[in-house]
Amino acid sequence: SYRQSMEAVSDLDVLSVLTERQRHDIELRYGKRDNIVVIPNPTELIETPEPRPERDHARIVMVARLESQKRIDLAVSAFAEVASKNALAHLDIYGDGPERSALEHQIRKAGLTDRITLNGRVPNAADEFWSADLGWLTSAFEGWSLALLEGRQRGCPFVSFDVPYGPAEQIEHGVDGMLIPAADTAALAAATLELLADPDRLERMREPARAGALAHGYESHLTMWAKAC
């Protein structure tokens, strides 16, 4: 779908991409060039609610469309391991899509109907991250994840698959979240259990996660575009 742009890349004044890794991959194929700029997606800065909502211990939140790209089936598989070792853990998934019926069947078959909730499409679903202990991202691929931006702005660290593109440039592993190999459900469960068992470490991740997201407000976004222009 990007062929027209890619084949004309030498004729463009500027090609904007979302991540350094995208620029790297384009240059591997089309050669080094000076007309590619990296401008990530911005997030709208929000006010912190007062009083700030309390965190629900071991509550994991995902905001994602229920379609193949988001690999929610892998999240369900990983959560089965988490639930077997943490009696308080609960997975709340916000979003809808064509895979809902298949996911409902998978959840029932795993005996997790009381531990995983498919909440459907909910207005302002990102605000659920205020009361989440952790966020999950299990996609097969991204561009620059808005779910990561929105969740981290609300002080919610993520355990995320390291997929192209975005997570590795949004999360500093071990500092404000965890990056794990793509599609590795065992590693997802293990990293999650590790953080849930160490609430002090998880708390230390919250402000760095928020600061990382706040660095991508509209002001910095427009500054990047002004420089490119």
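Here, the structure is the one placed above.
Within every chain, residues take consecutive numbers counted from 1 along the sequence as written. Selection of residues for local features in this predicted model requires a pLDDT of at least 70, selection of side-chain atom pairs for listing and counting requires 80 or more, and totals for whole chains, interfaces and linings are taken over all residues. The basis for the side-chain values is all heavy atoms of the structure; hydrogens and waters are excluded.

1. A word on the packing of helix α3 (residues 72-85) against helix α7 (residues 185-196)
Here, axes are lines fitted to C-alpha atoms. For helices the fit covers the stretch in contact, and angles between N-to-C directions go from 0 to 180 degrees. Each helix corresponds to a stretch of at least 4 residues labelled H or I by DSSP, and each strand to a stretch of at least 2 residues labelled E; elements are numbered beginning at the N terminus. It is at 8 Å that the axes of α3 and α7 come closest, and there the two elements cross at 45 degrees. When the axes of α3 and α7 are compared, the pair comes out oblique. Between α3 and α7 lies a crossing whose hand is right-handed. For the pair α3 and α7, contact is made by Leu74, Ser77, Ala78, Glu81, Val82 and Lys85 and by Thr185, Leu188, Ala189, Thr192 and Leu193, respectively. For the contact of α3 with α7, the residue count by class is six nonpolar, three polar and two charged. Throughout this description, any angle smaller than 35 degrees is read as roughly parallel, any larger than 145 degrees as roughly antiparallel, any in the 65 to 115 degree range as roughly perpendicular, and the remainder as oblique. Left-handed describes a crossing whose near helix is turned anticlockwise from the far helix through less than a right angle; right-handed describes the clockwise counterpart. For this analysis, residues touch if any pair of their heavy atoms sits within 4.5 Å. Any residue outside Ala, Val, Leu, Ile, Met, Phe, Trp, Tyr, Cys, Pro, Asp, Glu, Lys and Arg is labelled polar, Gly included; the first ten of those are nonpolar and the last four are charged.

2. Things to note about the pattern of salt bridges
The term salt bridge refers to a side-chain nitrogen of Lys or Arg lying within 4 Å of a carboxyl oxygen of Asp or Glu. As enumerated under the stated definition, the model contains 15 salt bridges in all. Put simply, Arg23 and Glu20 hold a salt bridge, and the shortest N to O gap is 2.8 Å. With a gap of three residues between them, Arg23 and Glu20 both fall in helix α2 (residues 20-30), about one helical turn apart. For every residue, the accessible area obtained with a 1.4 Å probe (protein chains only) is divided by the maximum for its type, and the residue is called buried under 20%, exposed over 50%, and partly exposed between those limits. Residue classification places Arg23 among the partly exposed residues on the basis of a relative accessible area of 23%. The salt bridge involving Asp92 is made with Arg59; its shortest N-O contact spans 2.9 Å.

3. Thoughts on the sheet that holds strand β7 (residues 158-162)
Two strands are counted as paired when DSSP detects at least two bridges linking them. Ordered by their spatial adjacency, six strands build an open sheet running β5-β4-β3-β6-β7-β8, and the pairing between neighbours is parallel. Each end of this open sheet is capped by a strand with a single partner; those strands are β5 (116-118) and β8 (177-181). Taken pair by pair, the neighbouring strands of this sheet meet at an average axis angle of 25 degrees, ignoring direction. Inspection of the sheet shows strand β3 (residues 59-63) paired to strand β4 (residues 90-94) by five bridges, in the parallel sense. Residue pairing across strands places Val63 opposite Tyr94, the latter belonging to β4.

None of this, on its own, says anything about what the molecule does.
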